[in-house]
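Residues per chain, in single letters:
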Amino acid sequence: MSKKSNSGYKGAALSVLKNFDVNVWGDVRITTSDGEFSGIILPRSEIADDRHVVLKLTTGYNIGLEVGTIEEIEEHGSKEAHYKIPEKEFPFDPVKPNVVLLGTGGTIASRLDYRSGAVIPAFSPGELYGAVPELADICNLKTDKLYGVFSENITPEHWSGTAEAIKREVDNGADGIVIGHGTDTMHYTAAALSFMVKSTPVPIVMVGSQRSSDRPSSDAALNLINATWTAAYSDIAEVMVCMFGPTSDEYALLHRGTRVRKMHSSYRSTFRTIGDTPIARVSGGEINLIKKDYRRRNPETPLELDTVFDDRVSIVYYYPNMQPDIIDSLVDNGYKGIVIAGTGLGHVNKPLYPSLKRACDSGVHIFMTVETLWGYVQMYVYDTGRDIMELGVVPGANMLPEVAYVKLGWVLGHTHDREKVAEMMLTPYAGEITERETIDGYLIMQGGLPEMEKFLKNIHF
Amino acid sequence: MKRDYPYNNFNPRDAGFRCGLEIHQQLDTEKKLFCHCPAGVYSDEYNAQLLRHMRPTLSELGEYDGTALMEFKTRKDIIYRINKDSACTYETDDTPPFPINKQAVDIAIEIALLLNCSIVGELHVIRKQYLDGSIPAGFQRTAIVGVNGWIPFKNRKIEIFQLAIEEDACREVSDVGHLRTYTTDRLAMPLIEVVTAPHIYEPEEAYEVGMQIGRLLRAMGKVRRGIGSVRQDVNVSIEGGTRVEIKGVPRLPLIPRLVYFEAYRQHRLLQLREMMHERGIEEDNLQTERFDITGRLEHPAITVFPDESFIVSVLLLKKMAGLFAHKIGPDRRFADDVAGRVRVIACLIHRPVILHTDDTSSSAFSHRDMNEILSVTGMKKDDLAVVVWGPPDDVVTGLNEIEIRCREAAVGIPNETRQRMTTGETDFERILPGPDRMYPDTDSPPLVIPRDHVAEIRKKLPEQPLDREKRYKKQGLPDHLTWMMAISPRAVLFDRLVSEGKIEPVLAATVLVELMIHLFRLGGEPETFGDDDLENLFTQHRQGSFTREGFRMLIEESAQTGSRNWTELTAKIGIRRVKPDEVKSIITDAASTVAGVNPMDEAQKFRMAMGLVMEKLRGSVPGTELAQMVKETLKPD
C-alpha cells in the first residue's frame, strides 16, 4: 500500500481510517450500522471535528459518516482529484499589443483547498487561457506570479515589489499592465502604486473578483477581459481599478487608484469612486470616457519609480469616548505618522488633546481625514477644529483615510521634516486630493423613493 | 388507471421498461433555506432587474461538465426580476449564505425517517451547477439528508435512493432566442428531493408510487400545498437504452402517458440505430458536407426573414435519406428530435428550425428549391440534406449540433433532460448533467446532525397514511373518507374525537373532510378553523345543542361572520330547543299546505312537506326524526 496522506483527519476519524488501512482519495465501500455507502474518501477540513469521515458518493454529493457507526471499510482503488483548468499555450499575434498580467493572489483565479475548505488562488497564462479564451482576442498575454497572498496579508514590501515588476515589464516593452489582486485591500495597493509609480507610459490596471472563478456566475472572467482590454488599448496611463460597475454582467468602471474604495463586503459592484466620478467605463471592447483630466498614454513618458515607504504609520478611527492612551500607545511604540479619521468635518474629543500635543511635540506627524469618507476636512468652522490644529494636527483635505495612510508612509520614506511632510501631504501627486467636488461626486441614492424605484426597475442594477 | 395508449403492439414491460421518480416538494417553513426572506411570497410584480451570463467552471475532481459546456455554447442573456419582498441580495448572489434553516432541516429529517432512510452524520452543502440560469449563482445549494430508504409498494419494496434538502430555482418567465427571463420569488425556497431507485416496471406504477409518496408527505402536514409546490422529474430507460429524465412534471396523472411515450421513443431510436448500422453508418464514419445556399431558396419559412445578415446553409448527410422521417412518437419524427436540439443549443427560434429533404408534409421543399439544393450539394438518392438559416454564428452551431445528434443516433439514445409537451410527448431540454457538476460549497460549514436529535424526531413521527387507512377502514369509514382522512391535517383531531366513543367516526370524518372541502369551494378558508374550535363544535353537538344538519349551517355562518362562538351562532341562525307540541303543529301546518296542492303523488307530497318543515327546524331537530313524523302525518287515514 502506497503511503498517502490522510489530510485533515485527526483523532477518532484518523484512527478509523488507519484501522481499516484506507486513505484519502480511496475508492471505498463503507459498511455502517445505517447501511452501506460507496464513494471516495475526501480530505477533511482541519478545523472540523474528528467524529466524521467525508465521502463523495457516486452521484457527486458529499456526506459525513459518523465514525461510531462505521463497521468496515473496503478500498478498491483510488481517484485523486486533479483540479486543473485545461492548459493551452497562449497564442501569439504580432499585431496585437503585449499585456503583462502580474499576479499577487486573490480570487481572480482560484481553486479549492481541501484542508481549509476554502478557495486558494491558482494562476498561469495557460490556465487563464483555458478558462477565459477571449483574452487571446485582445492581446498577447504574459503572466508573472509575483506573490500568492490573500489581500489582507499584503505589506508595503509587496507594494514596492509590484512597482518594480511593473517597471521591469514596461521597460521590456509591455503595452499595458494588469495586476490581479484580492479585493479586500485592492484600494490600498492601488493608492500605493499611484505614489510609487510616479509616471507611466502605459495603463496600469488592477483587477480582482468578488465571486471566485469556481462558480458559473463569477465576475472574474468579465473583469479580467475588461481590465486586459483597458491595459491593451486605453489611452489612460494611470493606476486604475477595473471592477464591475453594476452588479449585473454589463460593464466595468475604471476608478482612479487614489479615489477608489471597496464599499460592500460582498457585492460585485463593490468598488466606488468616492467624491468624484470614475475615469471611464469599459465593456465589449469599448472604453467610454467619463473624465477628461487623466494622464495620456505616451510611449515617450519614462516609467519613474519612487518606492520608499516608512511603515511606522497608523490609522486611528475615532469614536466617542476614545481615551488618550490610544494615541499614547502609538507614540510609545515608535509610530511616526498617524492618520485620524475624525468625525464630521474632522474632530476628536477634548481628552485626546494633551496626547495629540505630546505626539506632535515628539515629532509624530498627524493628519486629519473624515470618517464620513465623502467631503473635505474643514477645521475652521468650529473652535474645536482650530484647537486641534493648534496642537499640530494637519487637515488632510479630501484624501480618503486609507489613501492618506498610504501616502503618509510614502512621504515619511522621503523626509521627516515637519514642514516638508505637510507640504508633500497636501500636494496632490496622483489625484488623491481634488481641488473641487463636483455635484455628481456624492451619489448614494436611497431606495424606496419613487424615482429610485423607477430607476431600479428599468436599469440593470 | 386505465391504459389508453396508441401502440397496442408496444408493451413497455417487454421492452425492459424501468422508471424512477425524483419528487420535489417544498417544505412549509417560515423562511427560505439560506437567507431570511419570507417563504412562499409569490408575485409577478418586480422592483428591479439584473443581468447575468453563466460560464462553465471545473468540478471538484477537475473536469468540465458536459451540460455546462453545452449551455455555454448557447450564450444567453439572463434577466432576473427581483421583488424586494420575496428576494434579497442572497438570491442575487451578492451576499454569501446565512446558516442553513434548521426548521427545514428538521422537516427533511422527519420525512427521511418516514421513508425509512438512514440519516447522514454530517450534512455537507454541495453546489450543483445549473448553467441554464435558473439560479443566479449558477448553482443550487443542496445537501443529502438521508440515504438507503424504502417504501412498501404492492408486495415489494421501492428503494428510496436518497433524500436531499435544497433550494428551489427561479420561475421562468420567457425564453426566446438569446434572452431568457426569470422571476426570483420561488428562488431559494426550501424543498426536498426524494429519489427512488428505478424499481418501477409499468407506466401506471410510476403514478401509483408518486401518489403514495405524495400522500405520505401531505399527511405529515409540514409541506407546502398549491401550484408549483410539488414537481416530479421522471427517469426512464428501456433495455439497451439510456436514462432519460423528463423534467418538472407538475401533476402525477400526466406521468404514465409521458413515460410510455418516452419508452416508445427509445424503442424507436434503437431501431433507428439498427437502420444506420445496416447502411454502414457508425459514430465515427458519418460523412457530411456543408454548403452555403444563402439567397437561393424560396421556401416561405426562410424568405419570411428578409434580414440581410442571415445566412442559409445546407448540411449534406450521406446515406441518411429517409431516416429523418423515422417515427419516434404519435406526432414526432427523428427530425423533430434533431430540431429540438438545434433550437435549444443554437438559439434558432424560427419554426420549424430546420428544413430537410425527407419532409413530405406541407412544409416540404418546392421542386425549384429541391433543384437548387441538388445543384449546390450534388446530393445522391440515398443522401439527406438539412437546411438551417439565421445569424451566421448560430447557423454554424446549429450545423454542428445536427452532426453531433446524428452521430449519437448511431450509438443509441443520448443522455438527455427532456421537457414535457402537452401531447404527452417530450422535447429536448438539455444534456443530462453528470456528477461532474457537483462542487462543495465553500461558504457553508458541514452541519453535524447529532444522533440523539434524530432519535428525538423519530420518537415524534406521525403515523403513516397506509397505517391510518387500515385503522379507519376498521372503524367503518367508507373508502372515499378513509382516503382523504388518512392524509388530512385533522387526522389527530379525528382520532381524539372518535377515541372516546363520543363522536361517530363517519360524522366526524364528514365534518372534518367533506364539510371543509365544501367550505373551501364556497371560497372560505378551512385553515382558519382551529382544532379547538372544531372540538368545541362537536362538544356542543354531543350536548344536544344542534343536530347533524346543524354542522353545515354553523360552519357556513361562522365562515361568513368570522365568529367561532358556537352558542351565539346557534342562536343567530335560529337553532333552538323546540317543544314536541310546536314540532307537531309545524308538521300539521305543512301537511295541510301540501294537501291543498294538486296533483302530486305521495313522494312529491313528502318532499314538499319535508322542505317546509326543515326550513323551520333544520339544525334544531334531527332530520331523520322529522322525516318519520312527516311520513306518519301524511299517511292517509
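This one's a predicted model, so the numbers in the text were calculated from it and none came from an experiment.

A. Fine view of the sheet that holds strand 5 (residues 70-78) of chain A. The strand order across the open sheet formed by seven strands is 5(A)-1(A)-2(A)-3(A)-4(A)-5(B)-23(B), and the pairing between neighbours is antiparallel. Of all the strands in the sheet, the pair left with one neighbour each is strand 5 of chain A together with strand 23 (447-448) of chain B. Here strand 4 (residues 62-66) of chain A pairs with strand 5 (residues 122-123) of chain B via two bridges, running antiparallel. Residue pairing in the sheet places glycine 64 of chain A in a bridge with glutamate 122 of chain B of strand 5 of chain B. Taken strand by strand, helix 1 (residues 11-19) of chain A contacts strand 2 (35-41), strand 3 (52-57) and strand 5 of chain A, and its axis lies near 60° from that of strand 5 of chain A.

B. Quick peek at the environment of proline 489 of chain B. As for its position among the elements, proline 489 of chain B is in the loop between helix 11 (479-485) and helix 12 (491-499). Spatially, the C-alpha atoms of proline 489 of chain B and leucine 399 of chain B are 56 Å apart, while their sequence positions differ by 90 residues.

C. Structural detail: the domain arrangement of chain B. Domains assigned within chain B are domain 1 (18-243), domain 2 (277-413), domain 3 (463-572) and domain 4 (580-634). When each unit is reduced to the centre of its C-alpha atoms, the spacing between domain 2 of chain B and domain 4 of chain B is 79 Å.

D. Seen up close, the environment of threonine 189 of chain A. Residue and element names in this part refer to chain A. Structurally, the position occupied by threonine 189 is in helix 4 (residues 186-196). Setting aside chain neighbours within four positions, we find threonine 189 in contact with Ile154, Trp159, His181 and Met206. For threonine 189, the side chain forms a polar contact with the side chain of tryptophan 159, separated by 3.0 Å.

E. Structural view of the state of the cysteines. As enumerated under the stated definition, the model contains zero disulfides over all chains in all. Cysteine cysteine 406 of chain B remains unbridged, with the sulfur of cysteine 347 of chain B as its closest cysteine sulfur at 20 Å.

F. Fine view of the side chain of aspartate 441 of chain B. Residue and element names in this part refer to chain B. Turning to its location among the elements, aspartate 441 is positioned in the loop between strand 22 (438-440) and strand 23. On the accessibility criterion, aspartate 441 (3% relative accessible area) is buried. Here the side chain of aspartate 441 touches arginine 127 through a polar contact of 2.8 Å, side chain to side chain. When residues no more than four places from it in sequence are discounted, the contact partners of aspartate 441 are Pro97, Val125, Ile126, Arg127 and Arg141.

G. Fine view of the interface of chain A and chain B. At the junction of the two partners, chain A supplies 60 residues and chain B supplies 61 residues. Both faces combined, the contact of chain A with chain B buries some 4700 Å², and carbon together with sulfur accounts for 52% of it. When the buried surface of chain A facing chain B is broken down by residue, Tyr61, Pro216 and Lys457 of chain A rank first, second and third, together holding 17% of it. When the shortest N-O distance is used, the salt bridge between arginine 52 of chain B and aspartate 249 of chain A registers 3.7 Å. Counting across the chain A and chain B interface gives 30 residue pairs in polar contact (both at pLDDT 80 or more). When contributions to the side of chain A that touches chain B are tallied by element, the ones reaching two or more residues are strand 2, strand 3, strand 4, strand 8 (118-121), helix 2 (125-131), helix 5 (220-233) and helix 11 (450-458) of chain A. Taken together, the residues of the side of chain A that touches chain B break down into 25 nonpolar, 18 polar and 17 charged.

H. Highlighting the packing of aromatic side chains. Residue and element names in this part refer to chain A. What the rule picks out here adds up to 16 aromatic pairs over all chains. Seen in terms of ring centroids, tryptophan 410 and tyrosine 429 are 5.2 Å apart; in terms of plane orientation they differ by 80°. Their pairing is edge-to-face. Remark: tyrosine 429 occurs in the loop between helix 10 (418-426) and helix 11 and tryptophan 410 occurs in helix 9 (residues 401-414); sequence separation between them is 19 residues. For tryptophan 410, a relative accessible area of 3% puts it in the buried group.

I. A look at the pattern of salt bridges. A full pass over the atoms with the stated rule returns 86 salt bridges over all chains. The salt bridge partner of aspartate 144 of chain A is arginine 168 of chain A, with a shortest N-O separation of 3.5 Å. A residue pair is termed long-range when its members are at least 10 positions apart, and aspartate 144 of chain A in strand 9 (residues 140-145) and arginine 168 of chain A in helix 3 (residues 156-171) qualify at 24 residues. On the basis of relative accessibility, which here comes to 41%, the residue arginine 168 of chain A falls in the partly exposed class. Ionic pairing is found between arginine 312 of chain A and aspartate 310 of chain A, a salt bridge with its closest N-O pair at 2.9 Å. When its relative accessible area of 36% is taken as the criterion, arginine 312 of chain A is described as partly exposed. Look at aspartate 310 of chain A and you get buried, because its relative accessible area is 8%. Three or more residues joined by partner-sharing salt bridges are found here, namely Glu262, Arg265, Arg332, Asp337, Arg341, Arg343, Glu401, Arg405, Glu408, Glu416, Arg418 and Asp427 of chain B.

Cut-offs applied
Residues numbered from 1 in each chain as written. Chains lettered and ligands numbered in written order. Predicted model: local features only at pLDDT ≥ 70, side-chain atom pairs only at ≥ 80, totals over all residues. Heavy atoms only, no water. Pairing = 2+ DSSP bridges. Helix = DSSP H or I, 4+ residues; strand = E, 2+ residues; numbered from the N terminus. Contact = heavy atoms within 4.5 Å. Axes fitted to C-alpha atoms, helices over the stretch in contact; angles between N-to-C directions. Domains from an automatic or database assignment. Polar contact = N/O pair within 3.5 Å; in protein donor to acceptor, adjacent residues only side chain to side chain. Disulfide = S-S within 2.5 Å. Buried < 20%, exposed > 50% of the residue type's maximum accessible area, 1.4 Å probe, protein only. Buried area = accessible area lost by both parts, 1.4 Å probe. Salt bridge = Lys/Arg side-chain N within 4 Å of Asp/Glu carboxyl O. Nonpolar A, V, L, I, M, F, W, Y, C, P; charged D, E, K, R; others polar. Phe/Tyr/Trp six-rings, centres within 6.5 Å; stacked < 30°, edge-to-face > 60°.

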